[in-house]
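Architecture at a glance
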Amino acid sequence: GFFQSYAVEVDIKDASNATCLYAEWMMRFLIKYETNSSDYKTAALNLTSSVTHNGSVCGNDTQAALVAVQFGEGHSWSVNFTKTNETYQGDFITFTYNTNDTAVFPDAKRKGPVTIVVKDTMHPVRLNNVFVCHNADFLEAENVTQVFWNVTVQAFVQNGTISKKESRCRADIPTSTPTVPPTIANVTTASTTTLSPVPTTAPKPVENPDTGNYSLKSGNKTCLLATVGLQLNVSQDKPLLININPKTTSADGTCGNKTATLKLNDGNSTLIGF
């Protein structure tokens, strides 16, 4: 759960130079690939500081809107939006990664671009509302996990002005016992405030973490069980060891036919996804 990535901001203009589609978000990709020795590795693909958005279009009543970005050595990502008379929503996400990028895939057996298409899980948003989701969202398909967070998007912008009316994702809506909404982007800064000041003498060793029992249900059946003690070793200016307390940690996620996602939220701005 501890990583950094660049934010993407796309502001698409129409023929009159007015904003018709706006999006700002952060994302990261975890890609399982086969190596030359026929075993499998997982590569982490982050956005670079240089991102283009060629091919993005505004959309209208008959044509879908499209956000398309290109980054790194031949990688690209896009999502199209459709609308009704009252709402708009994401339709399909298309992601292409290029295993010729030896910095990310140094020993890939298969060379060249690989494209996957997945249905967007975004719920319908009222027209003239901006969709906001700070919490992390995970999409898994074909050996690729896509992670999104700090998302702000409005398709089919009216009168060239981004709306001040927000539609929040479900994960951002406080429960009956509110906690600080976790975002992957703020984990590294939040962790530094939870620890005591570094003593001048040798630090006391951190005890082993308590073991937690976490489970997920699909309908009325348990589909995932995890019994695990978690300790995070974070390398910043100085190494930080953080134990995850199972008494204050909640489990969420999904079970599929071929993949399952377990998300643990410790209620203190730390979100860990398996």
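Residues numbered from 1 in each chain as written. Predicted model: local features only at pLDDT ≥ 70, side-chain atom pairs only at ≥ 80, totals over all residues. Heavy atoms only, no water.

As recorded in an unreviewed UniProt entry, the protein goes by the name Lysosome-associated membrane glycoprotein 2, listed as coming from Rostratula benghalensis. What UniProt states about the protein under its Sequence similarities (unreviewed entry) heading is, verbatim, "Belongs to the LAMP family." (UniProt positions renumbered as here; feature names shortened; annotations may be inferred.)

Side note on the pattern of salt bridges
Two side chains with opposite charge may pair up if their charged atoms get near one another. In this structure the tally under the stated criterion is seven salt bridges. Lysine 83 is the partner of aspartate 61 in a salt bridge, and the nearest nitrogen-oxygen pair spans 2.8 Å. One end of the pair, aspartate 61, is in the loop between β4 (51-52) and β5 (65-71); the other, lysine 83, is in strand β6 (residues 75-83), and 22 residues separate them in sequence. You can call aspartate 61 exposed: its relative accessible area is 66%. Of the charged contacts, one joins aspartate 91 and lysine 119 as a salt bridge, the two residues approaching to 3.0 Å between their closest N and O atoms. Here the residue aspartate 91 occupies a position in strand β7 (residues 87-98), and lysine 119 occupies one in strand β8 (residues 113-119), the gap between them amounting to 28 residues. (Salt bridge = Lys/Arg side-chain N within 4 Å of Asp/Glu carboxyl O. Helix = DSSP H or I, 4+ residues; strand = E, 2+ residues; numbered from the N terminus. Buried < 20%, exposed > 50% of the residue type's maximum accessible area, 1.4 Å probe, protein only.)

Details of the confidence of the model for the protein
Averaged over the protein, the pLDDT score is 83; the fraction of residues at 70 or greater is 84%. For the stretch residues 177-202, pLDDT sits under 50, and the model shows 43 contacts to residues farther than four places along the chain or on other chains. (pLDDT = per-residue confidence, 0-100. Contact = heavy atoms within 4.5 Å.)

Overview of the environment of serine 218
As for its position among the elements, serine 218 is in strand β14 (residues 211-218). A relative accessible area of 44% places serine 218 in the partly exposed class. Measuring from C-alpha to C-alpha, the distance between serine 218 and glycine 256 comes to 9.1 Å, with 38 residues separating the pair along the chain.

Concerning the nonpolar core
Ranked by size, the top nonpolar core spans 45 residues in total, and within it Trp25, Trp77, Phe81, Tyr88, Phe95 and Phe131 carry the most contacts. Here this core takes eight residues from strand β2 (residues 19-34), the largest share from any one element. Residues Leu216, Leu230, Leu262 and Ile272 belong to the second largest nonpolar core, which totals 13 residues. (Core = buried A, V, L, I, M, F, W, Y, C linked by side-chain atoms within 4.5 Å.)

Description of the state of the cysteines
A full pass over the atoms with the stated rule returns three disulfides. Two residues, cysteine 20 and cysteine 58, share a disulfide whose sulfurs are 1.9 Å apart. The S-S bond linking cysteine 20 to cysteine 58 shows a torsion near -70 degrees; that makes this disulfide left-handed. Of this pair, cysteine 20 sits in strand β2 while cysteine 58 sits in the loop between β4 and β5, and the two are 38 residues apart along the sequence. The burial state of cysteine 20 is the same as that of cysteine 58; both residues are buried. Note that cysteine 223 is cross-linked by a disulfide to cysteine 255, the S-S spacing being 2.0 Å. Taking the sign of the S-S torsion, about 75 degrees here, the bridge from cysteine 223 to cysteine 255 comes out right-handed. With a gap of 32 residues between them, cysteine 223 in strand β15 (residues 221-229) and cysteine 255 in strand β18 (residues 250-255) connect regions that are remote in the sequence. Taking the relative accessible area as the measure of exposure, cysteine 223 reaches 34% and is therefore partly exposed. On the basis of relative accessible area, cysteine 255 is assigned to the partly exposed category, the value being 29%. The connectivity of the disulfide bonds within the protein can be written as 1-2, 3-4, 5-6, using the sequence rank of each bonded cysteine. (Disulfide = S-S within 2.5 Å.)

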